[in-house]
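Each chain is listed here by its residues.
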Amino acid sequence: MKYIVTGGAGFIGGNFLHYVVDKYPGDEWICLDKLTYAGNLETLAPVADRPNYSFVRGDIADRDFVFELFRKEKPDVIINFAAESHVDRSVSDPDIFVKTNVTGTVTLLDACREFGIRRYHQVSTDEVYGDLPLDRPDLLFTEENKIRASSPYSASKAAADLFVSAYHRTFGIPASISRCSNNYGPYHFPEKLIPLVISRALNDEKIPVYGNGANVRDWLYVEDHCSAIDLVVRKGREGEVYNIGGHNERSNLEVVKTILRTLGKPESLIEFVKDRPGHDMRYAMDPTKIEKELGWKPKHTFDSGIPATVEWYLSHREWWEHIISGEYRNYFEKQYGL
Ligand code: NAD
Ligand code: TYD
């Protein structure tokens, strides 16, 4: 089988390629990535020389390019990770989120319609369900929850999901969707909370915590997300949505303090800053469907995943230092003024 993995030079797509390229040597894996600020070919170094892997640079929203690629490669499966993924950037520049996340998804679906496909899989997020209140810990997101986006990022991901469902129903595209909670682990771009805290604490820099730090996220180690997507693509039913999460809810302040403790750094590094506009309070996934139907189980808990992640950032300093010394630095100053 021939797979096109879009957004494979990013955090989760890169980890996914590390997970599948050696596991399935009989399959062919093509990474399609635009290499935006978030795409990094250094992330793909561990698989770069494998005979069943190749890289092509391109934009999923560029119709001519995408159709030409499909004509040439005739892929069996598309797994769409490519996206603008950072909520704060979607607040300052929503337009690119519409282009990549919505138009890009529709362009891929149209190519599937034109050339045929065995499976189209959309990598989506718990953020399409909006948020949950802090005072109702009994509530979790199920696949039946209403779509209720808060940020331009989640609105663009929700729109993309609706197009995937509509193309399944109207055109019979054999499509599936997975919605995962917040990921963390190796190769996570240091603008997101966990790698930001690790990299800044290691340099004894201030850690910006939005608002009062009480917002809750449900954290999943990235390899567990990869194993879930692999299962859904191979065994999941067409036309279905699968929620992915490991019941690891933590407030942002707990996350920051845990990392500082693991690194032996003082809590005085914490600086409370202006809250994110429209900031979602709590995300929490109910993964019962994927557990029962496909037998998925996460291997890591927050308590095992955080030390493993900290260890990875300590032993791969050059990976994140290359990022921090580049374009990322200008963005960071503009965002925080620190
Ligand atoms: P990321 O920002 O680290 O990587 C995105 C990748 O997509 C980059 O390599 C970038 O170059 C590429 N890309 C962006 N625009 C493109 C375009 N127009 N054409 C081709 N490539 C393009 O993102 P991530 O954290 O790895 O997230 C991957 C997917 O998983 C996204 O769809 C995101 O919505 C979803 N997701 C992320 C999380 C999370 O916690 N990070 C949780 C649930 C779902
Ligand atoms: P983030 O990693 O951006 O993921 P998402 O917004 O998709 O959940 O942020 C995780 C949480 O951490 C979110 O509640 C916002 C908060 N946060 C901070 O407090 N400070 C920061 O510098 C960042 C980037 C995030």
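Further up the page is the structure itself.
What you are looking at is a predicted structure, and each value in this text was computed from that prediction instead of being measured.

*Asks:* It is not clear to me how the overall build of the chain should be interpreted in this structure. Could you clarify?
*Replies:* Along its length, the chain carries 12 helices and 12 strands. The globule rule puts the C-alpha radius of gyration for 338 residues at 20 Å, and the 19 Å found for the chain is close to it. The principal-axis extent of the C-alpha atoms belonging to the chain is close to 55 × 45 × 35 Å. The proportion of buried residues among the 338 residues of the chain is 57%. Relative to all contacts within the chain whose residues are 6 or more apart in sequence, the contacts with residues 24 or more apart total 84%. In the form shown here, the chain has an accessible surface area of approximately 14000 Å², with 51% of it arising from carbon and sulfur atoms.

*Asks:* Even after reading the chapter, I still don't get the site of ligand 1, so can you show me in this structure?
*Replies:* Inspection of the region around ligand 1 gives 28 residues, with Ile12, Asp33, Ser85, Tyr153 and Lys157 positioned closest. A distance of 2.9 Å is found between an oxygen atom of ligand 1 and a backbone nitrogen or oxygen belonging to glycine 10. The separation between an oxygen atom of ligand 1 and a polar main-chain atom of phenylalanine 81 is 3.1 Å. Taking 850 Å² as the accessible area of ligand 1 by itself, protein coverage stands at 96%. The biggest single contributor to the shell around ligand 1 is strand β5 (residues 119–125), with 3 residues. Of the residues that constitute the shell around ligand 1, the class distribution is 12 nonpolar, 12 polar and 4 charged.

*Asks:* What is the right way to look at the packing of aromatic side chains in this model?
*Replies:* In this description, a pair of aromatic rings is defined by centroid distance and the angle of the planes. Here the structure, examined in full by the defined rule, presents 18 aromatic pairs. Both rings, one in tyrosine 167 and one in phenylalanine 171, keep their centres 4.8 Å apart while their planes meet at 65°; by these two values the pair is edge-to-face. Note that tyrosine 167 and phenylalanine 171 are positioned in helix α5 (residues 152–171) at a spacing of 4 residues, about one turn of the helix. Accessibility expressed as a relative area gives 10% for tyrosine 167, which makes it buried. With 5.6 Å between their ring centres and 70° between their planes, tyrosine 184 and tyrosine 221 make a pair best called edge-to-face.

*Asks:* Quick question: what am I supposed to make of the sheet that holds β5 here?
*Replies:* Paired through their backbone hydrogen bonds, the strands of a sheet run either parallel or antiparallel. The parallel open sheet is built from 7 strands, whose spatial order is β3-β2-β1-β4-β5-β6-β10. A single partner strand is all that each edge strand has here, and the edge strands are β3 (53–57) and β10 (241–244). Between one strand axis and the next, the sheet turns through 20° on average, direction left out of account. Pairing of strand β1 (residues 2–6) with strand β4 (residues 77–80), which is carried by 4 bridges, proceeds in the parallel orientation. Within β4, the position partnered with threonine 6 by the bridge is asparagine 80. Set on the sheet, helix α2 (residues 63–73) makes contact with β1, β2 (28–33), β3 and β4; between it and β2 the angle comes to about 170°. Where helix α4 (residues 95–115) meets the sheet, its contacts fall on β1, β4 and β5, and the angle it forms with β5 comes to roughly 165°.

*Asks:* Is there a simple way to explain the nonpolar core in this structure?
*Replies:* Proteins that are soluble and globular tend to have nonpolar side chains buried together. In terms of nonpolar packing, the biggest core is built from 32 residues, with Phe70, Ile78, Cys112, Tyr120 and Ile173 touching the most fellow members. Mapped by element, the contributors of at least two residues to this core are β2, α2, α4, α5 and β6 (175–180). With 5 residues, the top contributor of residues to this core is α4. Those residues within four positions of cysteine 112 in sequence are excluded, and the remaining contacts are Phe70, Ile78, Ile117, Tyr120 and Ile173. Core analysis: the next-biggest nonpolar cluster, separate from the first, contains 30 residues, Val209, Val256, Trp312 and Trp319 among them.

*Asks:* Any chance you could explain unusual backbone geometry here in plain terms?
*Replies:* Leave glycine aside and you will find that most residues have negative phi; peptide bonds, for their part, are mostly trans. One non-glycine residue, tyrosine 187, lies in the positive phi region at around 65°. In this fold, tyrosine 187 is placed in the loop between β7 (182–184) and α6 (193–202). One non-glycine residue with positive phi stands out, namely aspartate 204, at about 55°. Along the chain, aspartate 204 turns up in the loop between α6 and β8 (207–210).

*Asks:* What should I look at first to understand the site of ligand 2 in this one?
*Replies:* Lining the immediate surroundings of ligand 2 are 18 residues, of which Glu127, Pro208, Arg217, Arg276 and His279 lie closest. In this structure, an oxygen atom belonging to ligand 2 sits 2.6 Å away from a side-chain N or O atom of glutamate 127. Between ligand 2 and leucine 193 there is a distance of 2.9 Å, counted from an oxygen atom to a backbone nitrogen or oxygen. Considered on its own, ligand 2 offers 510 Å² of accessible surface; in the complex 97% of this is hidden by protein. Broken down by secondary-structure element, the contributors of at least two residues to the shell around ligand 2 are α6 and β8. Looking at the shell around ligand 2, the element that brings in the most residues is β8, giving 3 residues. Looking at the shell around ligand 2 residue by residue, the class counts come to 8 nonpolar, 5 polar and 5 charged.

*Asks:* For this particular structure, what's the right way to read the pattern of salt bridges?
*Replies:* Once their charged atoms are close, side chains differing in charge can pair, the charge on each being opposite to the other. Under the definition given, this model contains 28 salt bridges. Arginine 136 is the partner of aspartate 138 in a salt bridge, and the nearest nitrogen-oxygen pair spans 2.6 Å. Residues joined by salt bridges that share partners form a network here, namely Lys2, Glu28, Lys72 and Glu73.

Cut-offs applied
Here, residues in each chain are numbered from 1, in the same order as that chain's written sequence. Following the order in which they are written, the chains are lettered starting with A and the ligands numbered starting with 1. The predicted nature of this model means local features are confined to residues of pLDDT at least 70 and side-chain atom pairs, given and counted, to a pLDDT of 80 or more, with totals for whole chains, interfaces and linings taken over all residues. Excluding hydrogens and water, the side-chain figures rest on all heavy atoms present in the structure. A run of DSSP states H or I qualifies as a helix once it reaches four residues; a run of E qualifies as a strand once it reaches two. Both are numbered from the N-terminal end. In this setup the radius of gyration rests on C-alpha atoms only. A globule is expected at 2.2 Å times the number of residues raised to 0.38. The cut-offs for exposure are 20% and 50% of the maximum accessible area for each residue type, with area from a 1.4 Å probe on protein chains only; residues under the lower value are buried, those over the upper are exposed, and the others partly exposed. Contacts were defined at the residue level, with two residues in contact if any of their heavy atoms lie within 4.5 Å. Using a 1.4 Å probe, the Shrake-Rupley method yields the accessible areas, and only the shown protein chains count as cover for residues. We call a residue near a given molecule or strand whenever any one of its heavy atoms falls within 4 Å of it. Polar contacts here mean pairs of N or O atoms no more than 3.5 Å apart (in protein, one a potential hydrogen donor and the other a potential acceptor; neighbouring residues in sequence count only if both atoms are side-chain atoms). Residues are grouped as follows: Ala, Val, Leu, Ile, Met, Phe, Trp, Tyr, Cys and Pro are nonpolar; Asp, Glu, Lys and Arg are charged; every other residue, Gly included, is polar. Note on aromatic contacts: the rings of Phe and Tyr and the six-membered ring of Trp form a pair at centre separations within 6.5 Å, being stacked when their planes are under 30 degrees apart, edge-to-face when over 60 apart, and tilted otherwise. Pairing between two strands requires that DSSP report at least two bridges joining them. Every axis in this analysis is a line fitted to C-alpha atoms, fitted for helices over the stretch in contact. Angles between the N-to-C directions lie between 0 and 180 degrees. Nonpolar cores were defined as sets of buried Ala, Val, Leu, Ile, Met, Phe, Trp, Tyr and Cys residues, with membership established by side-chain atoms within 4.5 Å. Every case where a carboxyl oxygen of Asp or Glu lies within 4 Å of a side-chain nitrogen of Lys or Arg is listed as a salt bridge.

Remember, this is a structural readout, not a statement about activity or role.
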